[in-house]
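Now for the letters of each chain:
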Amino acid sequence: MNVGNCPHCGKLYALNVMGCCPTCLREIEQQYVDCAEYLRKHRGANVQELSDETGVSIKQITRFIKEGRISVVDAPNLMLPCEVCGTSIREGHMCESCRSRLSKDLSSAAREVSQGEGRSLGAGAYRAIDKSGRS
Ligand SMILES: [Zn+2]
Ligand SMILES: [Zn+2]
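Below you will find a few notes about this structure. Everything quoted here is computed from the prediction, not taken from an experiment.

Turning our attention to the overall build of the protein. Within the protein one finds five helices and four strands. Looking at the protein as a whole, 12% of its 135 residues qualify as buried. Considering only contacts within the protein whose residues lie at least 6 apart along the sequence, 26% involve residues at least 24 apart.

Right under this line is the structure:
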């Protein structure tokens, strides 16, 4: 049996497809039920309102949306914040402008790498890519 640390509570648990321990799983299920229930009654709710009313963190709500459990079709005002600038977006991690800026950064960094091949510059550019890709 494979065991690992639950990403939510840090406790050791038997690994499963849900990626967290049974205790947290139940808690998340309950949060989902609360969110779904609230959205049924308030179709126009946004993420902030949903979080305030259900006590579920925006991060968790974002996860439900990304997992497709909460549909933005059913909740037209449920937008996600861009992880870079906070602009409301409907899908993904970043808004269009941050995405295009990042891909521009990446391609210019890649150019620097190829120009600076064999020189110490390359290592710095790699670090820059790593940092922006993670945020
Ligand atoms: Zn847990
Ligand atoms: Zn953005």
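This next bit is on helix α4 (residues 96-115). Along its 20 residues, α4 runs 28 Å from first to last C-alpha, staying within 8% of the 28 Å computed at 1.5 Å per residue. Counted residue by residue, α4 has zero buried out of 20 residues, so it is predominantly exposed.

It is worth spelling out the packing of helix α1 (residues 22-41) against helix α2 (residues 47-54) at this point. Remark: α1 packs on α2, axes separated minimally by 10 Å, with the N-to-C direction vectors making an angle of 120°. Put simply, α1 runs oblique to α2. Judged by the sense of rotation from one axis to the other, the crossing of α1 with α2 is right-handed. Contacts between α1 and α2 involve Gln31, Asp34, Cys35, Tyr38 and Leu39 from the former and Leu50, Glu53 and Thr54 from the latter.

Moving on: the environment of Val84. Here Val84 lies in the loop between β3 (80-81) and β4 (88-89). In this structure, the C-alpha to C-alpha distance between Val84 and Cys95, residues eleven residues apart in sequence, is 8.1 Å.

The biggest cluster of nonpolar side chains holds twelve residues, and these are Cys35, Leu39, Ala45, Val47, Leu50, Val56, Ile61, Ile65, Ile70, Ala75, Leu78 and Leu80. Of all elements in the fold, only α1, α2 and α3 (58-66) reach the threshold of two or more residues within this core. The residues contacting Cys35, other than those within four sequence positions of it, are Leu50, Thr54, Val56, Ile61, Phe64 and Ile70.

Rules behind the numbers
- Residues numbered from 1 in each chain as written.
- Chains lettered and ligands numbered in written order.
- Predicted model: local features only at pLDDT ≥ 70, side-chain atom pairs only at ≥ 80, totals over all residues.
- Helix = DSSP H or I, 4+ residues; strand = E, 2+ residues; numbered from the N terminus.
- Buried ≥ 20, exposed ≤ 12 C-beta atoms within 10 Å, placed from the backbone.
- Contact = placed C-beta atoms within 7 Å.
- Expected span 1.5 Å × (residues − 1).
- Axes fitted to C-alpha atoms, helices over the stretch in contact; angles between N-to-C directions.
- Parallel < 35°, antiparallel > 145°, perpendicular 65-115°, else oblique.
- Left-handed = near helix turned anticlockwise from the far one by under 90°.
- Core = buried A, V, L, I, M, F, W, Y, C linked by C-beta atoms within 7 Å.

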